[in-house]
Amino acid sequence: MQIEIDRITKLFGATAALHPVSLTIPSGALVSLLGPSGSGKTTLLRILGGLEYPSGGRVLFDGRDATALTVQERRAGFVFQSYALFRHMTVARNIAYGLEARPRALRPPRAEIERRVARLLDLIQLPDIGARYPSQLSGGQRQRVALARALAIEPRMLLLDEPFGALDARVRKELRQGLRDIHDKTGLTTVFVTHDQHEAMELADLVVIMSMGRIEQIGRPQDILERPATSFVRAFIEI
Ligand SMILES: Nc1ncnc2c1ncn2[C@@H]1O[C@H](COP(=O)(O)OP(=O)(O)OP(=O)(O)O)[C@@H](O)[C@H]1O
Ligand SMILES: [Mg+2]
């Protein structure tokens, strides 16, 4: 699905978290929102997912105005840094949660849910952990399960906010590759928030550099590295 962000603004009281921001995310792209703390990355991601409404501007999905759609109607898969899995549910039930919470008429039959959970456990390369509880998993495994849970609802887009922020460097790199593989298999339009420039440059097709609620530069990683558009970008990527 193509996502168009058309002159989106967001005010929190007197604070402008987003000045008019415009951006087109091509269908199937893996895009990174990169910028320092407070630059508006999470706010923009939450507006895409319908967790927050903009003060002005529009969001279009495949050319259709989606600004007023609810979270459910948008069908976004979310993964956050501390996506608390339900501790009293097994991994399999956690993954199935979004499907089982649907009203009966929209809920797939149990056998279909079980098949989907098994497929997703394969996809995250943890086929044997369905019966475990989250407390029996490593941090990296938990984030893989969170990703499977986000995918279970067959989302139209995947929205990730610093999903690997709490993990050590080696696991982080592994999961980055895992996400890239899953993205390439599913072709899902994916928006990935990070403040880690190496992560953004390694992972993304397109990097969007933000500062103080504005977009400083949009480009492919190599273009940004070779031709930083502003002194802010140059300083930020040279850290
Ligand atoms: N619910 C809120 N109420 C008031 N101000 C908010 C709220 N959410 C965000 N802000 C403000 O909006 C600005 C952008 O915040 P945002 O969370 O989008 O930044 P970020 O780029 O995700 O930062 P970080 O890397 O620290 O997560 C900040 O100045 C922040 O204080
Ligand atoms: Mg944030």
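Residues numbered from 1 in each chain as written. Chains lettered and ligands numbered in written order. Predicted model: local features only at pLDDT ≥ 70, side-chain atom pairs only at ≥ 80, totals over all residues. Heavy atoms only, no water.

Under an unreviewed UniProt entry, the name given to the protein is Sulfate ABC transporter ATP-binding protein, and the organism recorded is Paracoccus contaminans.

**Section: the environment of arginine 58**
As a reminder of what qualifies: Here a strand is any run of E in DSSP of at least two residues, a helix any run of H or I of at least four, and the numbering for each starts at the N terminus. Each residue gets one of three labels from its accessible area relative to the maximum for its type: buried under 20%, exposed over 50%, partly exposed in between, using a 1.4 Å probe on protein chains only. Should any heavy atoms of two residues lie within 4.5 Å, those residues are counted as being in contact.
Here arginine 58 shows up in strand 4 (residues 56–61). On the basis of relative accessible area, arginine 58 is assigned to the partly exposed category, the value being 36%. As for arginine 58 and alanine 68, which are separated by ten residues in sequence, their C-alpha atoms are 8.9 Å apart. Not counting residues up to four positions away in its chain, the partners in contact with arginine 58 are Glu4, Ile5, Asp6, Ile8, Asp65 and Thr67.

**Re the site of ligand 1**
Operational definition: Throughout, the term near means that a residue has one or more heavy atoms lying within 4 Å of the molecule or strand in question. N or O atoms closer than or at 3.5 Å make up a polar contact, with two conditions inside protein: a donor-capable atom paired with an acceptor-capable one, and, for residues adjacent in sequence, both atoms drawn from side chains. Computed by Shrake-Rupley with a 1.4 Å probe, the accessible areas treat only the displayed protein chains as cover when residues are assessed. Amino acids are sorted into nonpolar (Ala, Val, Leu, Ile, Met, Phe, Trp, Tyr, Cys and Pro), charged (Asp, Glu, Lys and Arg) and polar (every other residue, Gly among them).
Looking at ligand 1, the residues that line it are Phe12, Ala17, Pro36, Ser37, Gly38, Ser39, Gly40, Lys41, Thr42, Thr43 and Glu162. Take serine 37: an N or O atom from its side chain is 2.6 Å from an oxygen atom of ligand 1. Within the backbone of glycine 38, one N or O atom sits 2.8 Å away from an oxygen atom of ligand 1. In isolation ligand 1 offers 640 Å² of accessible surface; the protein chains occlude 58% of this area. No other element matches helix 1 (residues 41–49), which puts three residues into the shell around ligand 1. Residues that form the shell around ligand 1 fall into these classes: three nonpolar, six polar and two charged.

**What about the sheet that holds strand 9 (residues 206–211)?**
The line we're drawing: Two strands qualify as a pair provided DSSP detects at least 2 bridges between them. Helix axes use the C-alpha atoms of the stretch in contact, all axes being lines fitted to C-alpha atoms, and the angles between their N-to-C directions lie in the range 0 to 180 degrees.
Strand order in the open sheet formed by six strands is 6-7-8-3-9-10, with mixed pairing between adjacent strands. The open sheet has two edge strands, strand 6 (76–80) and strand 10 (214–219), and neither has a second partner. On average, each strand axis in the sheet is tilted by 15° relative to the strand beside it, whichever way the strands run. Direction of pairing for strand 3 (residues 30–34) relative to strand 9: parallel, over a ladder of four bridges. Within strand 9, the position partnered with serine 32 by the bridge is valine 207. Helix 1 contacts strand 3, strand 6, strand 7 (157–161), strand 8 (189–194) and strand 9 of the sheet and is inclined by roughly 155° relative to strand 7.

**Description of the sheet that holds strand 1 (residues 3–12)**
Taken in spatial order, the four strands of this open sheet run 2-1-4-5, and their pairing is antiparallel. Taken across any chain shown, the strands that pair with only one partner, and hence form the sheet edges, are strand 2 (15–25) and strand 5 (64–65). Note that strand 1 and strand 4 share five bridges and pair antiparallel. From the neighbouring strand, glutamate 4 faces strand 4, where its bridge partner is leucine 60. Packing against the sheet, helix 1 makes contact with strand 1, strand 2 and strand 4, and its axis sits at approximately 120° to strand 1.

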